[in-house]
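# Residue-level structural notes
Listed below are the residues making up each chain.
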Amino acid sequence: MNKFGLLTAGMLLTCTSAWSQAWVAQAKKSVFSVITYDANGDIKNTGNGFFITEDGVGISDYKLFQGAAKAVIVDCDGAKNDVSFILGANDMYDVVKFQVKTDKKTTALAMAPAQGTAGQAAYLLPYTTQKNATAQKVTLKDAATVAEKYGFYTIDAAVSEKNVSCPLMNANGQVLGLIQKGTESESYAMSADFAKQLTINALSSNDYTLNSIGITKGLPDSEDEALVLLMTSRSNPNYLEQLEMFIKQHPDNADGYLRRAQYNVDVQQYEQAENDLNIYLEKDADKADAHYNIGYLIYNKATYAPEPAYKDWTREKALSEVETAISMNPNQPVYLKMDADILYAMGDFAKAYSVYEKLMETDLKGPAVYSYLAQCKVAMEAPEEEIIAILDKAMESFNKPYGEDAAPYLYTRAMHKAEAGQLREAVNDFNDVEHIYGGRASADFYLERGRAESKCRMYQQALDDFKEACELAPGAEEPLIELASLNITVKDYNAAMETAQKLLTINSESSYGYRFLGFAQVNLGNKAEGKANLTKAKELGDPNAQTIIDKYCK
């Protein structure tokens with residue numbers, strides 16, 4: 001090559017190098033430092049990231065954010081901004097996408113229109129606060145495809161720890177990937193396009209990767225999916241922030257105001273809740289449903305959290321709202337159900353009964369409504385036969401063999417039959433309940449069945465049930481009292497003594513324990529100790545102890 005050719009080639013190389021770096025001064029503004037903090041406010045990790053949209057969406061490595069309760073970015077000018085919420089994360093490819101809280105347009109990197117290829121020159125753009133920035137030229141040693149269509153690159157050079165999560169660029173200043181940790185001789189980069197497409201969806205509240213980050217999660221783009229996510233996120237510590245986000249994104253959606261009102265009721269911010277309910281009523285096109293939901297919320301506050309009281313938020317106010325809903329839409333069964341529930345809670349059992357009866361003409365008819373009717377009859381102190389007749393109708397809704405859904409109604413009917421003296425029938429219902437649960441019944445169940453069996457002289461079955469209740473509730477007194485009493489009835493005084501002593505071990509001041517122990521001792525011929533224990537029972541207030549002393553200890 002002649003001298004002129006060498007000069008021309010040299011000039012060409014210089015121009016190409018200068019051209020390939022021309023975008024650096026502007027692109028460096030998109031790269032930032034990231035500082036993450038734990039729940040105590042202590043620094044957890046530091047790293048890098050870069051903006052991919054002009055409204056402050058950035059990406060970085062997931063491990064930097066894992067376990068973090070807060071994150072702050074520091075841009076190339078040294079300005080700090082909080083990460084407001086997480087928009088997506090993937091632990092397999094170690095990427096996270098997030099929104100930075102900013103009130104100005106951010107400099108964003110454009111995505112490369114095509115994947116990089118092996119042998120291609122690329123540029124590592126570091127984070128720097130210096131005025132002059134230089135991109136490090138590297139070569140793509142390998143370009144693989146992962147997750148079906150995204151590039152994963154091997155770079156022919158090691159990068160320092162401080163450059164992890166900085167952008168890997170093509171010669172045109174478009175981003176190919178996010179730099180990741182490598183070895184002493186090579187590094188890696190995951191497609192920035194892959195990080196950009198990360199999203200939040202309706203099921204993200206159960207996503208382990210997202211939940212391992214303590215920063216507020218964003219919402220799905222879909223309004224419907226965002227509502228579903230809110231439904232499953234009420235227990236999240238950042239729920240209010242998500243509500244605020246939803247209302248900001250969808251200001252005309254009435255549900256957002258209702259949900260925020262419910263949240264404010266839960267935290268006793270009643271004035272804010274009332275303001276939201278007023279907006280909700282204004283925005284909801286279904287006014288009947290709005291009045292019902294307002295009544296439902298006020299009823300729950302008045303019933304389950306009556307203190308502190310707030311204005312006129314009483315059951316009467318709730319009833320008025322629900323009855324307004326009924327006047328607008330009398331054919332909505334859930335409105336009638338709420339109306340009856342409030343009347344019942346207010347003690348107007350007869351009126352509640354009449355409203356529950358109306359439910360039998362709706363799609364809500366079934367055993368549950370019969371149960372409500374039975375509860376009204378109980379509250380009105382109706383004869384047991386009337387209550388049992390209603391529960392009989394409830395049981396007609398089920399087919400044999402009974403499933404678990406029938407068990408509560410069978411158990412309730414058994415209790416009322418026992419109260420009415422229909423003991424054998426009660427035991428039959430109890431037996432059906434035990435069959436349904438396959439021997440998994442509770443201590444209370446065996447206690448109640450044992451009582452019914454004892455009253456109808458099914459003594460062995462009752463003894464077995466009381467023993468089972470004692471085993472299932474070893475610290476409870478009632479099963480031991482019933483067992484000791486039945487031991488006395490069947491004249492098994494040794495067993496009565498043993499049971500009474502167990503009772504006294506649990507409660508050394510049990511008058512029942514001293515009475516049963518004393519009575520058993522007297523009948524076994526030990527009158528002195530028996531009388532002493534009966535006297536102790538009397539001192540503890542047992543009304544029967546003196547009668548036993550007079551009859552057996554002379």
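A brief look at the structure comes next. Quick caveat, the model's predicted, so the values are computed rather than measured.

A tally of helices and strands in the chain yields 24 helices and twelve strands. For 554 residues, the compact-globule estimate of 2.2 N^0.38 gives 24 Å, and the C-alpha radius of gyration of the chain, at 38 Å, exceeds that figure by more than 25%. Its C-alpha atoms put the chain at 140 × 65 × 45 Å along the principal axes. Relative to its 554 residues, the chain shows a buried fraction of 48%. If you take every contact in the chain between residues at least 6 apart in sequence, the share linking residues at least 24 apart comes to 55%. With the model as given, the accessible surface of the chain reaches about 27,900 Å², and the carbon-plus-sulfur share is 49%.

Okay, helix 18 (residues 443-455) next. Between its terminal C-alpha atoms helix 18 stretches 19 Å, which fits the 18 Å expected from 13 residues at 1.5 Å a residue. Turning to helix 18, its buried residues are Ala 443, Phe 445, Tyr 446, Leu 447, Arg 449, Gly 450, Ala 452 and Glu 453. Positive backbone phi, at 60°, marks Arg 457, one or two positions downstream of helix 18.

In total, this model carries 24 salt bridges according to the counting rule given. One salt bridge in this structure joins Asp 276 and Arg 260, with 2.8 Å as the shortest N-O distance. With a gap of 16 residues between them, Asp 276 in helix 9 (residues 270-283) and Arg 260 in helix 8 (residues 254-266) connect regions that are remote in the sequence. On the basis of relative accessibility, which here comes to 4%, the residue Asp 276 falls in the buried class. The exposure class of Arg 260 is buried, given its relative accessible area of 16%.

Residues of strand 3 (residues 57-60) alternate between two faces, with Val 57 and Ile 59 on one and Gly 58 and Ser 60 on the opposite face, all of them buried. Of the pairings in the sheet, the one linking strand 2 (residues 43-51) to strand 3 comprises three bridges and is antiparallel in character. Across the sheet, residue Gly 49 finds its bridge partner in strand 3, namely Ser 60. Taken together, strand 2 and the strand that follows it, strand 3, pair antiparallel across an intervening segment of five residues, in which Gly 56 is found at a positive phi of about 95°. Where strand 3 lies against strand 6 (residues 95-100), four bridges are found, and the strand directions are antiparallel. For Ser 60, the partnering residue across the bridge sits in strand 6 and is Val 96.

For the rest of this paragraph, the subject is unusual backbone geometry. With omega at 0°, the peptide bond leading from Glu 307 into Pro 308 counts as cis. Relative to the elements of secondary structure, Pro 308 occurs in the loop between helix 10 (287-304) and helix 11 (315-328). With an omega of -5°, the peptide bond running from Lys 400 to Pro 401 counts as cis. On the secondary structure map, Pro 401 appears in the loop between helix 15 (384-395) and helix 16 (407-419).

With that out of the way, let us pick up a negative patch on the surface. Together, Asp 221, Glu 223, Asp 224 and Glu 225 make up a region of like negative charge exposed at the surface. Position of Glu 223 among the secondary structure elements: in helix 6 (residues 223-231).

This brings us to the sheet that holds strand 1 (residues 31-37). Hydrogen bonds between backbone atoms are what pair the strands of a sheet, whose relative direction is either parallel or antiparallel. Spatially, the six strands close up into a barrel ordered 1-2-3-6-5-4, and their pairing is antiparallel. Strand-to-strand, the axes of this sheet are offset by a mean angle of 40°, without reference to chain direction.

So, on to helix 9. Helix length check: helix 9 (14 residues) gives 20 Å between terminal C-alpha atoms against 20 Å at 1.5 Å per residue, within 8%. For helix 9, the set of buried residues is Tyr 270, Ala 273, Glu 274, Asp 276, Leu 277 and Tyr 280. Down the axis of helix 9, the buried side of the element spans an arc of 165°, and every buried residue falls inside it. With respect to the buried face of helix 9, the exposed residues turned more than 90 degrees away are Glu 271 and Glu 282. Taken together, the buried residues of helix 9 touch helix 8 and helix 10.

Here the structure, examined in full by the defined rule, presents zero disulfides. Here Cys 76 stays free of any disulfide, with the sulfur of Cys 166 as its closest cysteine sulfur at 12 Å. Relative accessible area serves as the criterion here: at 5%, Cys 76 is assigned to the buried category.

Right, let's get into the packing of helix 8 against helix 10. Where helix 8 meets helix 10, the axes come as close as 11 Å, and the angle between the chain directions of the two elements is 10°. Relative to helix 10, the element helix 8 lies roughly parallel. From helix 8, Leu 258, Ala 261, Gln 262 and Val 265 reach across to helix 10, where they touch Asn 293, Leu 297 and Lys 301. Its residues assigned to classes, the contact of helix 8 with helix 10 comprises four nonpolar, two polar and one charged.

Viewed as axis vectors pointing N to C, helix 15 and helix 16 meet at an angle of 155°, and their least axial separation amounts to 10 Å. With respect to helix 16, the axis of helix 15 lies roughly antiparallel. Our pair here, helix 15 against helix 16, has a crossing hand that is left-handed. Together, Glu 384, Ile 387, Ile 388, Leu 391, Asp 392, Ala 394 and Met 395 of helix 15 and Tyr 409, Leu 410, Thr 412, Arg 413, His 416, Lys 417 and Glu 419 of helix 16 make up the contact between the two elements. Counted by class, the contact of helix 15 with helix 16 contains seven nonpolar, two polar and five charged residues.

Right, let's get into the packing of aromatic side chains. Taken as a whole and judged by the stated rule, the model has 24 aromatic pairs. A centroid spacing of 5.4 Å and a plane angle of 75° characterise the contact between Tyr 150 and Phe 194, whose relative ring orientation is edge-to-face. With Tyr 150 in strand 9 (residues 150-155) and Phe 194 in helix 4 (residues 192-196), this residue pair connects regions lying 44 residues apart in the sequence. Assigned by exposure class, Tyr 150 and Phe 194 land together as buried.

Criteria and cut-off values
- Residues numbered from 1 in each chain as written.
- Predicted model: local features only at pLDDT ≥ 70, side-chain atom pairs only at ≥ 80, totals over all residues.
- Heavy atoms only, no water.
- Helix = DSSP H or I, 4+ residues; strand = E, 2+ residues; numbered from the N terminus.
- Rg over C-alpha atoms; globule rule 2.2 N^0.38 Å.
- Buried < 20%, exposed > 50% of the residue type's maximum accessible area, 1.4 Å probe, protein only.
- Contact = heavy atoms within 4.5 Å.
- Areas by Shrake-Rupley, 256 points an atom, 1.4 Å probe, with all protein chains shown as cover.
- Expected span 1.5 Å × (residues − 1).
- Salt bridge = Lys/Arg side-chain N within 4 Å of Asp/Glu carboxyl O.
- Pairing = 2+ DSSP bridges.
- Patch = residues over 30% accessible without salt bridge, like charges linked within 9 Å, V, L, I, M, F, W, Y side chains within 5 Å.
- Lys, Arg positive; Asp, Glu negative; His and termini not counted.
- Charge placed at Lys NZ, Arg CZ, Asp CG, Glu CD.
- Axes fitted to C-alpha atoms, helices over the stretch in contact; angles between N-to-C directions.
- Arc of directions from axis to C-beta.
- Disulfide = S-S within 2.5 Å.
- Parallel < 35°, antiparallel > 145°, perpendicular 65-115°, else oblique.
- Nonpolar A, V, L, I, M, F, W, Y, C, P; charged D, E, K, R; others polar.
- Left-handed = near helix turned anticlockwise from the far one by under 90°.
- Phe/Tyr/Trp six-rings, centres within 6.5 Å; stacked < 30°, edge-to-face > 60°.

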